[in-house]
Amino acid sequence: MADPNVASDDDVFAIKAEHPAEPMGLSGVYNTRSLARPHRSGDGRRSASHDGRVEEDPDGEDSNDEWLREDGRKKQVFKGTTLLWLAYQSVGAIYGDIGTSPLYVYSSTFSAAPDYTSLVEVLSVIIWSLTIMVTFKYVLIVLRADNQGEGGTFSCYSLLTRYANLTDRDPREAATVKMERHQTEDLRPSNLTVRSKMESSKFLRGLLKTIGVLSVSMVIADGILTPAQSVLGAIQGLAVVSPGITSSTIVGTSSGILILLFAIQPFGLTRLATLFAPIVIIWLSFNASFGIYNLVYYDHSVLKAFSPHYAINFFIHGKTTAWKMLGGILLSFTGVEALFADLGAFSMRAIQISWLGFCYPCLLLAYVGQAAFISVHPEAYSNPFFNSLPPGLLYPSLVVAVLAAIVASQAMITACFQLVSQLMKLSYCPQMKIVHTSTKFHGQLYVPFLNWILLVGTVLVTAIYSNTTRLGNAYGVCVIFVTFFDTCFVTLVALIVWRIPPYIVFLPWLFFATHDGLYLTSALNKVPDGAWFTLTLAAILASIFLLWRFGKESQWTAEAEDRFRLSQLIKKAEDHTLSLSMRWGGGSVTHIRGFGIYFDKTGVLTPTVFTQFVTKFGAVPDIMVFFHLHPIETPTVPSSERYVITRLGSIPGCYRLIVRHGFMDEVITPDLAALIYEQVRKFVVHLASAEDFDEKSEGEGADTRAASPSRGSSSALSDDGSKGKQRQRVPGESADPKVREELARLDNAFASKVMYVVGKEQMKIKIGTILFRRLVLGTFLFIRDNTRAKIANLRLAMDRVVEVGFVKEI
């Protein structure tokens, strides 16, 4: 294990209270504007003076922020063969849904055999809808509105919260948010006006939050519906060769396939996409080749549908009838919302390559070819794909079509995993276990609990609806709602983040919003026939997410009173005796033998569990370590960068240890106490060694500034104790009596007794709370109590665990 060493004076983020007039420790909820660059002079920490001597200010060290680095998610950039490999994977994971639309678009659009003019006009609308909605809007514009590589409507909202003060944050995650709010002078007056109205209006902030959460809920609702629709449609396709297949057989077989589909999700997206990609590639290649065949052998005149003139005539001639037919045409781009939501699992370039280079041309050829066949055989509209097959290819095409329809569900399943992980980051959803399935592609996730919830939902929907005709009435409405929300959010991103003038943004927004609005109003006709189901499900999910967020904000407010410096809790007299401050009664604090490890959930200021421990027992262990786990969006953190240690001068023998860990690292192990003891001991030795070296350098007249420590904190460096060109002497046992005494105290405490002190926070609703708020908070507390991690699940020696209970009112 690498040795800790003295940290250099890195430029890190500090947390300031939301209200500057209040003391720093009195606020537990941080506004996004509270992330600011700290002033290095006089920050109340152990620091290096100009002459190289290390000094200690015991009052302020317990607000250490050395670990507050830009450790949030960082956008991965891929090039070369890796990019092409991602593009290949994206074909299997993203385009199964939109790629299987040729199976049913014409049959869903027409209710009777179409005449030639209507057919060409509908084909023109399909071509230009794919071009406008998918290619122009999503692939070329929307995909650029990523939040550190993550996609989806909610990621757009998260991106806006980094560039405007729109939300409060959990103190635990506020430290790693990369705020990039543009300075007032860097924005045009019109853009500044938009941002100011968003920040100052409580209604607008709430509206943006609600739309972001509702979009996620709609994608999840579609994530339940899409697998049922796709698999049912695939099995019903077997009726082409076996007309006598019964409804119960279809439902039973579909349910079995769905169970298998969700059961293989733990294998990870890389493996699944690699497995599914050949299926989708063969399927789309079949569609493209059949399209060329039909153009050659039937009616190539339908190619004139590429002229937008025919799409415009469709609305001029059809009027209300044409508007209603859009509900069927929109099925040609269902799955486009997953294209954006799955961005975090792949990359913008990979998706652009796979869409523009393969999927888009194949789909255009598929629809044009089917139209060429239908123009000669109008009755073929009822089953356009199978009726337009070249002779002798029915059975191979049937097999590929069934497989493609089955894997079409993967796009929505992946999207659900991505979006729920985003919700958890901003505290809109109870914490669930997230499994990162790839060390190379950091955004590829698997959420076990959500996977099984989706499985139960899709099987129930399959059993209840039993056929695609009834399911089709519920399908598509959420898709077009999400695309409309994406248009609005990306417009705000263009104004606030990209700083594009409003007069440039307005016309594209109007064009895309009108396009979305046409489809949206048409899709609403499906609400009485079945779309009410997905809208109701989405509303319920959104209510749960917003309720959870409201409860978390109330919890942060209740915990705010525990956010203070250590020196405000315990006072040290001149004779080194300890006592509580007058706020806590002023009683004396005695020492108990042992090595106490206090689990700290924030990593700044005084841990609540320590406050409760010392005020209840009036005692502290000989050695106290405030232990905080700081997750990093990377597979693993090298041991040279993993540990950040601080000596807190307010109390003798008190330290803070921050462990920065990746999503593949295992930190909580049975020998955790030994690891903590080893790191703290190395810190003490290294710090003493650095001080001795500084004094020696000063005596020799050397330049001490390069070698002296800047703070009483340490981060683990390389095994040789060096960092860059910084010179360090190999540490040894110091001859300083104080250091030897500190080490002896540390050794004796660890040998005597080890305690893991964990807080058990209970919450109750304040007396006099109004009924509605009481119901909301009561529901939040019920969900919280049933989703919290259990102490018994920690891989610790349970006989050493001390649980300190306390109650907070919300």
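Calculation rules
- In this numbering scheme, every chain counts its residues from 1 along its sequence in written order.
- Only residues with pLDDT of at least 70 get local features here, since the model is predicted, and only at 80 or more are side-chain atom pairs given and counted; chain-wide, interface and lining totals rely on the full set of residues.
- Side-chain measures were taken over the full set of non-hydrogen atoms in the model, leaving aside hydrogen atoms and water.
- For the purposes of this entry, the term helix denotes a DSSP run of H or I that reaches at least four residues, the term strand denotes a run of E that reaches at least two, and both are numbered from the N terminus.
- For each residue, the accessible area found with a 1.4 Å probe, counting protein chains only, is set against the maximum for its type, and the residue is called buried under 20%, exposed over 50%, and partly exposed in between.
- Residue contacts are counted whenever heavy atoms from the two residues lie within 4.5 Å of one another.
- Per-residue and other accessible areas follow the Shrake-Rupley method at a 1.4 Å probe size, with only the shown protein chains counted as cover for residues.
- Pairs of N or O atoms are called polar contacts if they sit within 3.5 Å, as long as, within protein, a hydrogen donor faces a hydrogen acceptor (for residues adjacent in sequence, only side-chain-to-side-chain pairs).
- Two aromatic rings from Phe, Tyr or Trp, using only the six-membered ring of Trp, form a pair when their centres are within 6.5 Å; if the ring planes differ by under 30 degrees the pair is stacked, by over 60 it is edge-to-face, and anything between is tilted.
- Simply put, an axis is a line fit to the C-alpha atoms, just over the touching stretch for a helix, and the angle between two N-to-C directions goes from 0 to 180 degrees.
- Throughout this description, any angle smaller than 35 degrees is read as roughly parallel, any larger than 145 degrees as roughly antiparallel, any in the 65 to 115 degree range as roughly perpendicular, and the remainder as oblique.
- Left-handed describes a crossing whose near helix is turned anticlockwise from the far helix through less than a right angle; right-handed describes the clockwise counterpart.
- In the scheme used here, Gly and all other residues not listed as nonpolar or charged are polar, with Ala, Val, Leu, Ile, Met, Phe, Trp, Tyr, Cys and Pro taken as nonpolar and Asp, Glu, Lys and Arg as charged.
- Patch membership needs two things, relative accessible area over 30% and no salt bridge, and members are linked within 9 Å if like-charged or within 5 Å if nonpolar (Val, Leu, Ile, Met, Phe, Trp, Tyr).
- By convention in these notes, a salt bridge is any Lys or Arg side-chain nitrogen within 4 Å of a carboxyl oxygen on Asp or Glu.
- Nine residue types can take part in a nonpolar core, namely buried Ala, Val, Leu, Ile, Met, Phe, Trp, Tyr and Cys, and a core is a set of them joined through side-chain atoms within 4.5 Å.
- Only protein atoms enter the calculation, which uses a 1 Å grid: trapped sets of points that fit a 1.4 Å probe without letting it out are cavities, open sets showing protein on both sides within 12 Å along at least five of seven lines are pockets, and any residue with an atom within 4 Å of a point is a lining residue.
- Grid points are joined across faces, edges and corners, and a volume is the space filled by probe spheres set on the points.
- Every residue is assigned a pLDDT by the predictor, reflecting its confidence on a scale from 0 to 100.
- DSSP-based pairing: two strands are paired if at least 2 bridges between them are found.
- Pairs of cysteine sulfur atoms within 2.5 Å are what we label disulfides.

Chemist: How would you sum up the overall build of the protein? Please name residues and give values.
Modeler: Helix and strand content of the protein: 25 helices and 18 strands. Relative to its full complement of 810 residues, the protein shows a buried share of 59%. The long-range fraction of contacts in the protein, counting pairs at least 24 apart against all pairs at least 6 apart in sequence, stands at 81%. For the protein, the computed accessible surface area is about 32,300 Å², with 61% contributed by carbon and sulfur atoms.

Chemist: Lay out the environment of T334 with the relevant residues and their values.
Modeler: Residue position: T334 is located in the loop between α11 (320–329) and α12 (336–341). In this structure the C-alpha to C-alpha distance between T334 and C478, which are 144 residues apart in sequence, comes to 9.6 Å. Those residues in contact with T334 that sit more than four places away from it in its chain are D97, I98, S101, Y104, Y475, G476 and V479. A polar atom in the side chain of T334 sits 3.1 Å from the backbone oxygen of L331.

Chemist: Break down the side chain of T161 for me, citing the residues and quoting the values.
Modeler: Among the secondary structure elements, T161 is positioned in helix α4 (residues 153–163). Polar side-chain contacts of T161 include one of 2.6 Å to the backbone oxygen of S158.

Chemist: So what's going on with the packing of aromatic side chains? Residues and values would help.
Modeler: Applying the stated criterion across every chain, the model contains 36 aromatic pairs. Ring geometry for F154 versus Y428: centroids 5.4 Å apart, planes at 80°, classification edge-to-face. Separated by 274 residues along the polypeptide, F154 in helix α4 and Y428 in the loop between α16 (410–425) and β8 (435–436) bring together distant segments of the chain. Neither residue differs from the other here; F154 and Y428 are each classed as buried. With a centroid separation of 5.5 Å and an interplanar angle of 80°, the aromatic rings of Y598 and F613 are classed as edge-to-face. Residue Y598 is found in strand β12 (residues 588–599), and its partner F613 is found in helix α22 (residues 608–617); the two are separated by 15 residues along the sequence. Residue Y598 shares its accessibility class with F613, and that shared class is buried. Here the aromatic cluster, defined as three or more aromatic residues joined through ring pairs, consists of W283, F286, F290, F385 and F386.

Chemist: Which residues make up the packing of α16 against helix α17 (residues 448–465), and what values go with them?
Modeler: The geometry of α16 relative to α17 is characterised by a closest axis approach of 10 Å and an angle of 130° between their N-to-C directions. Here α16 is positioned oblique relative to α17, judged by the angle of their axes. Between α16 and α17 the crossing geometry is right-handed. Note on element contacts: α17 touches α16 through L450, N451 and L454, opposite C416, F417 and V420. Among the residues making up the contact of α16 with α17, the classes are represented as five nonpolar, one polar and no charged.

Chemist: Could you give me a rundown of a nonpolar patch on the surface, with the residues and numbers involved?
Modeler: A surface patch of nonpolar side chains, amounting to about 390 Å² of accessible area, comprises F136, L140, I141, L356 and W498. Position of W498 relative to the elements: it lies in the loop between α19 (477–496) and α20 (502–523).

Chemist: Residue-level account of the nonpolar core, with values.
Modeler: Among the nonpolar cores identified, the biggest contains 166 residues, and Y106, L130, V134, F333 and W355 are the most heavily contacted of them. In contact with W355, not counting residues within four places along its chain, are Y95, I98, L130, V134, T135, V139, Y360, P361 and L363. Core analysis: the next-biggest nonpolar cluster, separate from the first, contains 33 residues, F599, I623, L746 and A749 among them.

Chemist: Talk me through unusual backbone geometry; I want residue IDs and the actual numbers.
Modeler: Despite not being glycine, K319 shows a phi value in the positive range, around 50°. Tracing the chain through its elements places K319 in the loop between α10 (308–318) and α11. The class for K319 is exposed, based on a relative accessible area of 57%. For L605, which is not a glycine, the phi torsion comes out positive at approximately 60°.

Chemist: Report on the pattern of salt bridges, specifying residues and quantitative values.
Modeler: This structure, assessed with the given rule, holds 15 salt bridges. Here E553 ties to R549 by a salt bridge, and the two come within 2.9 Å at their closest N and O atoms. In this pair, E553 and R549 both sit in helix α21 (residues 527–559), four residues apart, roughly one turn of the helix. Since its relative accessible area comes to 24%, E553 is described here as partly exposed. On the basis of relative accessibility, which here comes to 2%, the residue R549 falls in the buried class.

Chemist: Tell me about the packing of helix α9 (residues 269–297) against helix α15 (residues 394–407), residues and numbers included.
Modeler: Relative orientation of the contacting elements α9 and α15 amounts to 130°, with a least axis distance of 9 Å. In terms of their interaxial angle, α9 and α15 are classed as oblique. Two packed elements cross with a definite hand, and for α9 against α15 that hand is left-handed. Where α9 approaches α15, its residues F276, I279, V280, I282, W283, F286 and F290 are matched on the opposing element by P396, S397, V400, A401, L403, A404 and V407.

Chemist: Talk me through the layout of surface pockets; I want residue IDs and the actual numbers.
Modeler: In this model, the second largest pocket occupies a volume close to 1,200 Å³. Residue lining of the second largest pocket: 50 residues in total, with Y104, S107, S108, T109 and L331 positioned closest to the centre. Of the residues forming the lining of the second largest pocket, the biggest block, six residues, is contributed by α11.

Chemist: For the confidence of the model for the protein, give the residues involved together with the corresponding values.
Modeler: Averaged over all residues, the pLDDT of the protein equals 81, while 83% of them reach at least 70. Under a pLDDT of 50 for its full length, residues 701–713 has, in the predicted model, 50 contacts with residues more than four places off or in other chains. Counting interchain partners and residues more than four positions distant, the pLDDT-below-50 stretch residues 715–732 has 51 contacts.

Chemist: Give me the lowdown on the pairing of strand β14 (residues 643–647), citing residues and values where you can.
Modeler: Put simply, side chains in a regular strand alternate between the two faces of the sheet. With five of its five residues buried, β14 lies for the most part within the structure. Neither face of β14 is open: one carries Y643, I645 and R647, the other V644 and T646, and all of them are buried. Two elements, β14 and strand β15 (residues 654–661), share five bridges in a ladder whose sense is antiparallel. Paired with Y643 across the bridge in β15 is V659. Hairpin geometry of β14 and β15 is characterised by an intervening segment of six residues between the two adjacent antiparallel strands and by a positive phi of about 75° at G653.

Chemist: Break down the pairing of strand β17 (residues 754–764) for me, with residues and values.
Modeler: In this sheet, β17 lies alongside β12 in parallel orientation, the contact comprising four bridges. Opposite G596, over in β17, you have M755 as the bridge partner.

Chemist: Can you break down α4 residue by residue, with the values?
Modeler: Most of α4 is tucked away, with eleven of its eleven residues classed as buried. Residues T153, F154, S155, C156, Y157, S158, L159, L160, T161, R162 and Y163 constitute the buried set of α4. Summarising the contacts, the buried residues of α4 are in contact with β7 (168–169), α6 (189–200), α7 (202–236), α12, α16 and α19.

Chemist: Which residues make up the side chain of T131, and what values go with them?
Modeler: Tracing the sequence through the fold places T131 in helix α3 (residues 116–139). Here T131 falls in the buried class, since its relative accessible area comes to 7%. In this structure the side chain of T131 is engaged in a polar contact, spanning 2.8 Å, whose partner is the backbone oxygen of I127.

Chemist: Let's hear about the state of the cysteines: which residues, and what values?
Modeler: The final tally for this structure, using the stated rule, is zero disulfides. C359 forms no disulfide, and the closest cysteine sulfur to it belongs to C362, at a distance of 6.8 Å.

Chemist: Can you lay out the environment of T117 for me, pointing to particular residues and giving the numbers?
Modeler: Counting through the fold element by element, T117 comes out in helix α3. Judged by relative accessible area, T117 falls into the partly exposed class, the value being 47%. Residues T117 and F314, spaced 197 residues apart in sequence, show a C-alpha to C-alpha distance of 9.0 Å.

Chemist: Could you give an account of α22, with specific residues and numbers?
Modeler: In terms of burial, α22 is largely enclosed, as seven of its ten residues are buried. Against β10 (570–572), β11 (578–580), β12, β13 (619–631), β17 and β18 (801–809) lie the buried residues of α22. Once α22 ends, the next one or two residues include G618, with phi positive near 65°.

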